[in-house]
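Each chain, written out:
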Amino acid sequence: MKYHFQTAEELIKLTKRHNVPISEIAKLYESQRSGNAISTIRNKMKLTRDFMYKAVKTGIKSNKKSIMGISGGDAQKIYESLKNLKRMMGNKVTIRAMAYALAVSEQNARMGRIVAFPTAGGAGVVPGVLFSSAEHFKAGKRKLLRGLFCASAVGLIIAEGSTISAAKGGCQAEVGSAVAMAAAGLTEMRGGTPEQCFDASAIAFKSYLGLACDPLAGLVEVPCIKRNAIGCMNAIGASDMAMAGVQSYVPFDEVVRAARDIGRTMPRTIKETALGGLAITPTGNRVKKKLGLRITREL
Amino acid sequence: MDEISIFDIAGPIMVGPSSSHTAGACKIGQFARALFHGTPRKVTFYLHGSFAEVYKGHATDRALLGGILKMRTSDPLIKDSFKVAAKKKIKYEFKKKFLGKRYHPNTVKIVLENSRRKMSVIGSSVGGGVIEILKIDNFNIHLRGRAGKYLSLVVQHDKNKTVVPELKAKVDALKGIRVHDVEQRTYKGKTLSILHMGGRRIKLPEVIELEKTTKHVDFIRSLSKLEKQ
């Protein structure tokens, strides 16, 4: 296959050979894989983008609690704080990104419609970072699409080389992957080179290695929702570093291999089973009891 | 191994809260229902691993049942699938069971029954809404895909060597579709064949036509039917 890639190295080579950005290779890859025209693929991604945008806009307005009532309403609070930026330390882009990420994740927790990007657990990060920064550069919808394609290509490499399932690799596989993807997407939208995109990704992904997936009662709510918000900060930070010329000492492909190894050796109790970590704190056990789950031990 | 699609990462569009525990579960349910070929009266779900531990909070149970009721992963009705099932008089039951070490933590065994037959399907949700179907009754298979990826025909037919070549020729004759390879396994005196196809999607009228014109065939299911978001 002409546009086949499984690693960052292969992808960068392809971008060099054809002198196009990562997003373009992602489109060509998908077109070749599925036999569909480029325009069909672009339209499919547009649909994805529109659903993401809808989730952001609905989530930001809603202050409904989740089904179990342990989350909800924070997106609105942070979005309101944008009106009084002087009191905040972050800038407008990062705070808005957090608000958007929370909005999507809260929608997810109340069983609203979202786009899993790459999974539902980390679905807030990519829309948070990309939509907020697109508003900042006043970027058109087309540029946003580039960010999404680039992010998907990075996610694909992680899925090929490691996993994007928290049940297999812990939170690094879900929120970690999402942050790595968002960092690359943002870097491409800002005009970074493919190498800079992967530097940003590697820097971001490295800080998520080994993160436990230990949500209370196994619900994708605490700490997942806020991790999505903080993830936006990391993605933006990593992208800034890459754009300033900072390189990742460990190349992206090796970071993915490390993630795979860590995922394999991680104990089962912190892989989305609600048997360890935050899930078995007194607070965690209270939520478990409310749900009628068996309590194994308490910290 | 076949290649992952960009839209395995950027998607699916779904109802929360978890892509592996909700969207993937729904998809396994859809798949089981498609294979069962009829309305089940009773459905039993055996939840394995992480599915067994946390199914309640992730609404895995509602999503599995929603899939059995042919709901899409983005259908807001998934929330109320228990009520819908009750209305349709489909009995359901959830049990925890360890299915074996070789299975992914997010695995379920679904047993569907009605007055005429009984069938079991084992499927795993491997993350991001991607699922794998590993067993149909006693027939070990390995089908992988998300909605939008299945281009397979599942055919149950008599133990008869002419059926598959005949079907293959018929499918190849359709414009824009080729058969890549065929998997076959026999159980209970019947053969289950899976035709993997490339090219465009096969349309429902074409599937019905195939089913009508080919002898010794019990049913043909097009798994591309699950494609739409």
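Residues numbered from 1 in each chain as written. Chains lettered and ligands numbered in written order. Predicted model: local features only at pLDDT ≥ 70, side-chain atom pairs only at ≥ 80, totals over all residues. Heavy atoms only, no water.

1. Quick word on the overall build of chain B
- Counting secondary structure elements, chain B contains 7 helices and 11 strands.
- For 229 residues, the compact-globule estimate of 2.2 N^0.38 gives 17 Å, and the C-alpha radius of gyration of chain B, at 17 Å, lies within 12% of that figure.
- Taken along the three principal axes of its C-alpha coordinates, chain B extends 50 × 40 × 35 Å.
- A buried classification covers 61% of the 229 residues belonging to chain B.
- Contacts in chain B between residues at least 24 apart in sequence constitute 66% of all its contacts with a sequence separation of at least 6.
- Approximately 9,400 Å² of chain B is accessible, and the part contributed by carbon and sulfur atoms is 51%.
- Distance between charge centroids for chain B: 5 Å, based on 44 positive and 21 negative side chains. (Helix = DSSP H or I, 4+ residues; strand = E, 2+ residues; numbered from the N terminus. Rg over C-alpha atoms; globule rule 2.2 N^0.38 Å. Buried < 20%, exposed > 50% of the residue type's maximum accessible area, 1.4 Å probe, protein only. Contact = heavy atoms within 4.5 Å. Areas by Shrake-Rupley, 256 points an atom, 1.4 Å probe, with all protein chains shown as cover. Lys, Arg positive; Asp, Glu negative; His and termini not counted. Charge placed at Lys NZ, Arg CZ, Asp CG, Glu CD.)

2. Side note on the interface of chain B and chain A
- Tallying the contact residues gives 40 residues for chain B and 49 residues for chain A.
- Overall, the association of chain B and chain A removes approximately 3,600 Å² of surface from exposure, summing both partners, and the carbon and sulfur fraction of that is 63%.
- For the pair chain B and chain A, the number of links is 0 salt bridges.
- Those elements that provide at least two residues to the side of chain B that touches chain A are α1 (6-9), β1 (13-15), α2 (19-36), α3 (49-54) and β5 (118-127) of chain B.
- If you tally residues by element for the side of chain B that touches chain A, the top one is α1(B), at 4 residues.
- Residue classes in the side of chain B that touches chain A are distributed as 17 nonpolar, 15 polar and 8 charged. (Buried area = accessible area lost by both parts, 1.4 Å probe. Salt bridge = Lys/Arg side-chain N within 4 Å of Asp/Glu carboxyl O. Nonpolar A, V, L, I, M, F, W, Y, C, P; charged D, E, K, R; others polar.)

3. A few points about the pattern of salt bridges
Residue and element names in this part refer to chain A.
- Counting across every chain of the model gives 15 salt bridges over all chains.
- Between D50 and R49 there is a salt bridge, and its shortest N-O distance comes to 3.4 Å.
- By relative accessible area, D50 is classed as partly exposed at 34%.
- Residue R49 is classed as buried on the basis of its relative accessible area, which comes to 7%.
- Here E106 ties to R110 by a salt bridge, and the two come within 3.7 Å at their closest N and O atoms. Both residues of the pair, E106 and R110, belong to the buried class.
- Here the salt bridges do not stand alone but share partners, grouping D74, K77 and K226 into one network.

4. Concerning the packing of aromatic side chains
- Applying the stated criterion across every chain, the model contains 10 aromatic pairs over all chains.
- With 5.2 Å between their ring centres and 50 degrees between their planes, A:F198 and A:F252 make a pair best called tilted. Placement of the pair is A:F198 in helix α10 (residues 194-206) and A:F252 in helix α12 (residues 252-265), with a sequence separation of 54 residues.
- When its relative accessible area of 4% is taken as the criterion, A:F198 is described as buried.
- An angle of 10 degrees between the planes, with centres 5.2 Å apart, marks the rings of B:F82 and B:Y92 as stacked. Note that B:F82 is positioned in helix α5 (residues 81-87) and B:Y92 in strand β3 (residues 91-96), a separation of 10 residues in sequence.
- Judged by its relative accessible area of 28%, B:F82 falls in the partly exposed class.
- According to the relative accessible area criterion, B:Y92 is partly exposed, its value standing at 31%. (Phe/Tyr/Trp six-rings, centres within 6.5 Å; stacked < 30°, edge-to-face > 60°.)

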